[in-house]
Amino acid sequence: MVASLSDLPLRDDLRGLTPYGAPQLDVRVRLNVNENAHPIPEVAARSVVEALAGAVLGANRYPDREFTELRQALARYAGHGTVPEQIWAANGSNEVLQHLLQAFGGPGRTALGFDPTYSMHPIITASTGTTWVSGERDAGYELSPGTVTEWIERTDPDVVFLCSPNNPTGTPVSNETIEAAYAATRGVLIVDEAYIEFAPEGTRTALALLPGRERLVVSRTMSKAFAFAGVRLGYLLADPAVIDAMRLVRLPYHLSALTQAAATAALAHADALLANVDDIRRQRDRLLTELPELGYTVWPSHTNFVLFGGVADPRQTFQRLLERSVLIRDVGIAHHLRVTAGTEAETTEFLTALAETDTATKVD
Ligand SMILES: *Cc1c(COP(=O)(O)O)cnc(C)c1O
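Since this is a predicted model, take the numbers as computed values, not measurements.

Chemist: How would you explain the sheet that holds strand β10 (residues 305-309) if you had to name every residue and give the values?
Modeler: Strand pairing in a sheet is mediated by backbone hydrogen bonds. Such pairs are either parallel or antiparallel. The three strands are arranged β9-β10-β12 in an open sheet whose pairing can be described as antiparallel. The sheet is open, and its two borders are formed by β9 (297-298) and β12 (336-340), each paired with just one other strand. Bridge count for β10 against β12 is five bridges, and the pairing is antiparallel. Bridge pairing in β12 links Val306 to Val339.

Chemist: How would you explain helix α5 (residues 145-155) if you had to name every residue and give the values?
Modeler: Since the α-helix advances by 3.6 residues per turn, residues separated by three or four positions end up pointing in the same direction. Residues of α5 that are buried include every one of Thr147, Val148, Trp151 and Ile152, and no others. Axial view of α5: buried residues confined to an arc of 125 degrees, hence all on one face. Away from the buried face of α5 by more than 90 degrees, exposed residues Glu153 and Arg154 are located. Each element contacted by the buried residues of α5 is listed here: β3 (110-114), β4 (131-135), β5 (159-163) and α6 (175-184). Note on α5: the residue one or two positions beyond its end, Asp156, has a positive phi of about 45 degrees.

Chemist: Residue-level account of the side chain of Thr347, with values.
Modeler: Among the structural elements, Thr347 can be located in helix α12 (residues 344-356). Classification of Thr347 as buried rests on a relative accessible area of 1%. Side-chain polar atoms of Thr347 contact the backbone oxygen of Thr343, separated by 2.8 Å. Other than its neighbours up to four places away in sequence, Thr347 contacts Gln283, Arg286, Leu287, Ala341 and Gly342.

Chemist: So what's going on with the side chain of Gln260? Residues and values would help.
Modeler: Residue position: Gln260 is located in helix α8 (residues 257-267). A distance of 2.9 Å separates the side chain of Gln260 from the backbone oxygen of Leu255, its partner in a polar contact.

Chemist: Tell me what's going on with the nonpolar core, and back it up with residues and numbers.
Modeler: If you look at the biggest cluster of nonpolar residues, it comprises 97 residues, and the most contacted ones within it are Leu100, Phe308, Ile328 and Phe350. Among the domains, domain 1 (22-38 + 276-361) and domain 2 (42-272) are the pair contributing at least three residues each to this core. Discounting chain neighbours no more than four positions away, the residues touching Leu100 are Gly105, Ile190, Val217, Leu236, Val242 and Met246.

Chemist: Let's hear about the environment of Gln98: which residues, and what values?
Modeler: Relative to the helices and strands, Gln98 resides in helix α3 (residues 93-104). With 84 residues separating them along the chain, Gln98 and Tyr182 place their C-alpha atoms 20 Å apart.

Chemist: Describe the site of the ligand, naming the residues involved and giving the relevant values.
Modeler: Contacts to the ligand come from 13 residues, most closely from Ser93, Tyr195, Thr221, Ser223 and Lys224. Taking Asn167, its side chain carries an N or O atom lying 2.8 Å from an oxygen atom of the ligand. Thr221 is positioned such that a nitrogen or oxygen atom in its side chain is 2.6 Å from an oxygen atom of the ligand. For the shell around the ligand, the residue count by class is four nonpolar, six polar and three charged.

Chemist: Before we move on, can you summarise the packing of α5 against α6 with the specific residues and values?
Modeler: The geometry of a pair of packed helices is captured by two quantities: the angle between their axes and the separation between those axes. Relative to each other, α5 and α6 sit at 20 degrees, their axes nearing to 8 Å. Judged on the interaxial angle alone, α6 and α5 are roughly parallel. Once α5 is placed against α6, the crossing between them reads as right-handed. Listed contacts from α6 to Pro145, Val148, Thr149 and Ile152 of α5 are Glu176, Thr177, Ala180, Ala181 and Ala184. Its residues assigned to classes, the contact of α5 with α6 comprises six nonpolar, two polar and one charged.

Chemist: Any details on the sheet that holds β3? Residues and values, ideally.
Modeler: As summarised here, the arrangement of the seven strands in space is β2-β8-β7-β6-β5-β3-β4, forming an open sheet in which the pairing is mixed. Looking at which strands have only one partner, the edges of the open sheet turn out to be β2 (87-90) and β4. Averaged over all pairs of adjacent strands, the angle between strand axes in this sheet comes to 25 degrees, irrespective of strand direction. Pairing between strand β6 (residues 188-192) and strand β7 (residues 216-221): four bridges, direction parallel. Bridging from a neighbouring strand, Val191 pairs with Val218 of β7. Packed on one face of the sheet, helix α7 (residues 240-249) meets β2, β7 and β8 (234-237) and runs near 30 degrees to β2.

Definitions and cut-offs
Residues numbered from 1 in each chain as written. Predicted model: local features only at pLDDT ≥ 70, side-chain atom pairs only at ≥ 80, totals over all residues. Heavy atoms only, no water. Pairing = 2+ DSSP bridges. Helix = DSSP H or I, 4+ residues; strand = E, 2+ residues; numbered from the N terminus. Buried < 20%, exposed > 50% of the residue type's maximum accessible area, 1.4 Å probe, protein only. Arc of directions from axis to C-beta. Contact = heavy atoms within 4.5 Å. Polar contact = N/O pair within 3.5 Å; in protein donor to acceptor, adjacent residues only side chain to side chain. Core = buried A, V, L, I, M, F, W, Y, C linked by side-chain atoms within 4.5 Å. Domains from an automatic or database assignment. Near = heavy atom within 4 Å. Nonpolar A, V, L, I, M, F, W, Y, C, P; charged D, E, K, R; others polar. Axes fitted to C-alpha atoms, helices over the stretch in contact; angles between N-to-C directions. Parallel < 35°, antiparallel > 145°, perpendicular 65-115°, else oblique. Left-handed = near helix turned anticlockwise from the far one by under 90°.

Following this line, the structure appears as structure tokens:
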């Protein structure tokens, strides 16, 4: 007996929606969800295991609802004068974003984002009953202060998403654009900085803009540069009043004692965990150089992935790579595919497999 969704009294606004679903396949080279290809260093792994052992012994009690130690560790890592009262964390930055939409979105409210952008932004928006409004980008997927201001004035959103640097295009967003968006909106401005650690040295983060801007939120994650995707730990930095709003919507004890212990222990080894960022940047820059040599176009990237164009039939190229045990991402942009920068060996395998696929897969 197998029913389908249409047999259930599902919420009307969820009918017809598609769940997030990047393929999870057992292949040799996985370059489809922008994970850090390097395992976490042994010294950090040992500390994490020790911390977990301690946490298990106290697991008869509920965890610290305020994850005090973890917030202290995250504030130290974030720098920029951040204090623990400005930090919120949850099971991945996706849950952080969900808390934000639960608090500041909801039925009758709207969230503005600029497609193409992270696919979870519209999904979380919809699942909280908020209406997604899609703005348009400038040429080259850029976002100028004028463009964001015009869209905000035209649509008057309750929440604005800026993904900086943007997934799936790799495009950075300047602090001038973020300042302009904040000045134009009466709503909450969320700057998703999931990939900020891969930006060039000296890139200004939106953290510098927090003082005096109580509706500005910067979200971050340990899933990408930190090589900690499997643990599920995301966080945000904002005015302490925003943190109070998060307490209204989170479930009690949402961060398990194990998650808190693992993340706190890992943050003590931040330097070791981030040690591969330079190597990943080099592989990204190699993709930016070598994909054009194979006849494809590339978009500038401040992240650990590259969006490339000139693909005649993305589905077919995706499939041919998969037959060679290389998994990348079809993000639904015509004639484009996205690939994560892997280890040197994985990146080589991808480039070799792509070169082997028929040259007829390219378009001008
Ligand atoms: C990967 C990614 C995240 C991270 O999600 P987690 O839930 O923290 O794993 C957030 N935002 C963007 C834009 C991403 O690409």
